[in-house]
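Survey of secondary and tertiary structure
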Amino acid sequence: MLERPELSLFEYQFVANMLSFGIAAMFAGAIFFLFARNLVAPKYRLSMLITAIVPAIAFYHYYRIYESWNTAYTFNPASGTYTGSGAVFNDAYRYMDWLLTVPLLTTELVLSLGLAAAIARSLSIKLAVAAALMIVLGYPGEIADALGIKMLFWSLSMIPFLYILYILFTEFTKYIQEQPASVQPAIKLARTTLLITWFFYPIAFLFPIIGLSSAQGEVFLQVGYSVADVLAKVGFGVVVYYICHSKSVADGWSPDGLATAVPKVA
Ligand SMILES: *C/C=C(C)/C=C/C=C(C)/C=C/C1=C(C)CCCC1(C)C
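In this report, the structure presented in the accompanying data block is examined. (Residues numbered from 1 in each chain as written. Predicted model: local features only at pLDDT ≥ 70, side-chain atom pairs only at ≥ 80, totals over all residues. Heavy atoms only, no water.)

**Some words on the site of the ligand**
Cut-off, in case you're wondering: One heavy atom within 4 Å of a molecule or strand is enough for the residue carrying it to be called near that molecule or strand. Exposure was quantified through the Shrake-Rupley algorithm and a 1.4 Å probe, taking into account, for residues, occlusion by the shown protein chains and nothing else. Runs of H or I in DSSP of at least four residues are treated as helices and runs of E of at least two as strands, each being numbered from the N terminus. Amino acids outside the nonpolar list (Ala, Val, Leu, Ile, Met, Phe, Trp, Tyr, Cys, Pro) and the charged list (Asp, Glu, Lys, Arg) are all regarded as polar, and Gly is one of them.
Taken together, 17 residues lie near the ligand, and Met134, Ser157, Trp198, Asp229 and Lys233 sit nearest. The protein chains hide 100% of the 530 Å² of surface that the ligand would expose on its own. Of all elements in the fold, only helix H3 (92-112), helix H4 (117-143), helix H5 (147-169), helix H7 (184-204) and helix H8 (214-250) reach the threshold of two or more residues within the shell around the ligand. Its residues assigned to classes, the shell around the ligand comprises 13 nonpolar, 2 polar and 2 charged.

Take a look at the structure:
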């Protein structure tokens, strides 16, 4: 995809603004989760740390994507449009980002449940390996131009994707049911958020195939991935923080160091 489609002023700036929004949202998310870590019991702090690291990684990548987008186009005052500058737009930053962040997202969710160590370990490894495999298998399809190759890798990548959903709606359900009633709705909300935001990616992958013109396809893809990334990392992170906080309260922990479960001595 070395040829850049010609973009109208609006199309070009829509993408640039969404990438800029991504930079700001990821940065804000990372800071928020880092500080929010102190507001949950020590048992859930690893989950909160990972929740902060995910947007921190994405912040870096969004900055690089934004720069790459800027250098890949030049403005033509005569036509009022943007055309390719000859510099390559490096979209691989997205896949590098996902390769790191997607396994961390499944891990932060598992750790927020405070399960027994052996169960948490096996569940997080299963989900993280499947998540990494999903991204690795998707990449050759993303960069391929031939429809057959695109569809082949899309299908291969869908296998670990569906496996993750399968685990989240079978084995994971069992662990949700063992949680205090006050925490269960938040965990289900996290699972739904993951389901909805993640489904966007394999669909967006097909945009260029389903006949959108190359300029529209490019704009939809960049804007769509940016919105989905913010929701799947920062939005999802807020729900994970909510789980960690509710779990801490249910465990009788409070941020001022006074365990609410311990009776006061006169
Ligand atoms: C923060 C980034 C996130 C949550 C990225 C998630 C990415 C996916 C769920 C990607 C899935 C794909 C398929 C299931 C098939 C086609 C190729 C992918 C990689 C787009």
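**Re the sheet that holds strand E3 (residues 81-84)**
Each strand in a sheet pairs with another by means of backbone hydrogen bonds, the pair being arranged parallel or else antiparallel. Let me state the cut-off plainly: At least two DSSP bridges between two strands are needed for those strands to be called paired.
In space, the 3 strands of this open sheet follow the order E1-E3-E2, with antiparallel pairing throughout. The outermost strands of the open sheet, each flanked by one partner alone, are strand E1 (7-8) and strand E2 (73-76). As judged from the 2 bridges shared by E1 and E3, these two strands associate in the antiparallel manner. Paired with Leu7 across the two strands is Tyr82, which belongs to E3.

**A short note on the nonpolar core**
To be explicit about the condition: Here, nonpolar core refers to any group of buried Ala, Val, Leu, Ile, Met, Phe, Trp, Tyr and Cys residues whose side-chain atoms link them within 4.5 Å. Relative accessible area decides the class of each residue, using a 1.4 Å probe on protein chains only: under 20% of the type maximum gives buried, over 50% gives exposed, and in between gives partly exposed. Should any heavy atoms of two residues lie within 4.5 Å, those residues are considered in contact.
Core analysis: the largest hydrophobic core is formed by 77 residues, its most contacted members being Leu7, Trp69, Leu123, Phe172, Trp198 and Tyr225. Of all the secondary structure elements, the ones that give two or more residues to this core are helix H1 (9-36), helix H2 (45-72), H3, H4, H5, helix H6 (171-177), H7 and H8. The element best represented in this core is H8, accounting for 15 residues. Ignoring any residue separated from it by four or fewer positions in sequence, one finds Phe172 in contact with Leu109, Leu113, Leu123, Ile167, Ile187 and Arg191.

**Quick word on the packing of H1 against H2**
For clarity, the threshold we go by: To get an axis, a line is fitted to the C-alpha atoms, and for a helix only the part in contact is used. The angle between two axes follows their N-to-C directions and goes from 0 to 180 degrees. For classification purposes, angles smaller than 35 degrees are called roughly parallel, those larger than 145 roughly antiparallel, those between 65 and 115 roughly perpendicular, and all remaining angles oblique. What makes a crossing left-handed is the near helix being turned counterclockwise from the far one by less than a right angle; a clockwise turn instead makes it right-handed.
Following both chains from N to C, one finds H1 and H2 inclined at 155 degrees, their axes separated by 8 Å at the closest point. Between H1 and H2, the angle is such that the two are roughly antiparallel. In the crossing of H1 with H2, the sense of the turn from one axis to the other is left-handed. In the contact of H1 with H2, the residues fall into 23 nonpolar, 5 polar and no charged.

**Details of the pattern of salt bridges**
Just so we agree on the cut-off: Within this document, salt bridges are pairs made up of a side-chain nitrogen of Lys or Arg and a carboxyl oxygen of Asp or Glu, the two lying within 4 Å of each other.
This structure, assessed with the given rule, holds 6 salt bridges. Measuring nitrogen to oxygen at the nearest pair gives 3.4 Å for the salt bridge that ties Arg94 to Asp229. Of this pair, Arg94 sits in helix H3 while Asp229 sits in helix H8; the two residues are 135 residues apart in sequence, bridging distant segments of the chain. A residue is classified by how much of its surface remains accessible, and Asp229, at 1% relative accessible area, is buried. Taking the shortest distance from any N to any O, the salt bridge between Lys233 and Asp97 comes out at 3.6 Å.

**Some words on the packing of H5 against H7**
The N-to-C vectors of H5 and H7 enclose an angle of 175 degrees; their axes lie 12 Å apart at closest approach. Taken together, the axes of H5 and H7 are roughly antiparallel relative to one another. Along the contact surface, H5 presents Trp154, Met158, Phe161, Ile164, Leu165, Leu168 and Phe169, while H7 presents Arg191, Leu194, Leu195, Trp198, Phe199 and Pro202. Across the contact of H5 with H7, the residue classes break down as 12 nonpolar, no polar and 1 charged.

**A word on the side chain of Thr101**
Relative to the helices and strands, Thr101 is located in helix H3. Residue Thr101 is classed as buried on the basis of its relative accessible area, which comes to 0%. Apart from residues no more than four positions distant in its own chain, Thr101 is found in contact with Val54, Ile57 and Lys233.

Worth remembering: the numbers are spatial, not functional.
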